[in-house]
Amino acid sequence: EAGVAQSPRYKIIEKRQSVAFWCNPISGHATLYWYQQILGQGPKLLIQFQNNGVVDDSQLPKDRFSAERLKGVDSTLKIQPAKLEDSAVYLCASTPTGTADYEQYFGPGTRLTVT
Amino acid sequence: GDSVTQMEGPVTLSEEAFLTINCTYTATGYPSLFWYVQYPGEGLQLLLKATKADDKGSNKGFEATYRKETTSFHLEKGSVQVSDSAVYFCALSDSGGFKTIFGAGTRLFVKA
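Residues numbered from 1 in each chain as written. Chains lettered and ligands numbered in written order. Predicted model: local features only at pLDDT ≥ 70, side-chain atom pairs only at ≥ 80, totals over all residues. Heavy atoms only, no water.

1. Considerations on the interface of chain B and chain A
The partner chain A presents 24 residues to the 18 residues of chain B that form the contact. Counting the surface lost from both chain B and chain A, the interface buries some 1500 Å², and carbon and sulfur atoms represent 50% of this. Between chain B and chain A we count one salt bridge in total. The partner of Asp56 of chain A in a salt bridge is Lys99 of chain B, with the nearest N and O atoms 3.2 Å apart. The residue inventory of the side of chain B that touches chain A, partitioned by class, reads eight nonpolar, eight polar and two charged. (Contact = heavy atoms within 4.5 Å. Buried area = accessible area lost by both parts, 1.4 Å probe. Salt bridge = Lys/Arg side-chain N within 4 Å of Asp/Glu carboxyl O. Nonpolar A, V, L, I, M, F, W, Y, C, P; charged D, E, K, R; others polar.)

Shown next, in the form of structure tokens:
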């Protein structure tokens, strides 16, 4: 079966510009996660969707970050305007159900550099 | 809140050496514990997991035992290979079972 797809793989933007990342989870997976992984750190959850509803967005900087999963399938994460500290790898993951006891399947990530 | 602490890297070993990567956790309730691995240029993938105390997770020659009394989940392998060079992340599911919390990762280099 196809894995989690993400695009683009790399993006370089200047501060104050906007950027969008796309994720297509494994077919049939109800839960989708977006993580931010800063160099030298572990992934930090930004937002979790169950189908097309938000389960947890407590660590999403809502003044500049937004995410949607309109049809309960693929998802878009947007940053507007970007700051230097947003430079990181943005990971998308999915699971069949909503509990974290199950293995998460990760995409290859999008590496964002803000200059 | 819940947290995971793992040993800092990088860890550099010669091929066939014994590997231990320490991981301790703080959590309320009874979390599930995981080791994920990230090979160069690839996404994170599950290496092994344990869902209750005294469970041992194992895969590809790696093992980790869920020790509730010491709140630890150390990763071990008896004989590492060059192909094991990667970043290893210890993680737990929080007490509600809805969120996974990752450690900072430990980079392993294995020399031929």
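Read on, since the account is not over.
2. Here's the deal with the packing of aromatic side chains
Counted by the stated rule, this structure contains 11 aromatic pairs over all chains. Ring centres of Phe106 of chain A and Tyr36 of chain B lie 5.7 Å apart, and the angle between their planes is 85 degrees; this geometry places the pair in the edge-to-face category. Taken together, the residues span two chains, with Phe106 of chain A in strand β10 (residues 105-106) and Tyr36 of chain B in strand β5 (residues 33-38). Here Phe106 of chain A and Tyr36 of chain B have matching classes, each one buried. A centroid spacing of 5.6 Å and a plane angle of 40 degrees characterise the contact between Phe62 of chain B and Tyr88 of chain B, whose relative ring orientation is tilted. With Phe62 of chain B in strand β8 (residues 62-65) and Tyr88 of chain B in strand β10 (residues 86-93), this pair connects stretches of sequence that are 26 residues apart. With a relative accessible area of 0%, Tyr88 of chain B lands in the buried category. (Phe/Tyr/Trp six-rings, centres within 6.5 Å; stacked < 30°, edge-to-face > 60°. Helix = DSSP H or I, 4+ residues; strand = E, 2+ residues; numbered from the N terminus. Buried < 20%, exposed > 50% of the residue type's maximum accessible area, 1.4 Å probe, protein only.)

3. Side note on unusual backbone geometry
A cis geometry characterises the amide bond from Ser7 of chain A onward to Pro8 of chain A, with omega recorded as -10 degrees. Of note in this structure, Arg16 of chain A is not a glycine but carries a positive phi near 80 degrees. Considering the arrangement of structural elements, one finds Arg16 of chain A in the loop between β2 (10-13) and β3 (19-24). A relative accessible area of 64% places Arg16 of chain A in the exposed class. You will see that Lys60 of chain B, though not glycine, has its phi angle at about 55 degrees, which is positive. Structurally, the position occupied by Lys60 of chain B is in the loop between β7 (56-59) and β8.

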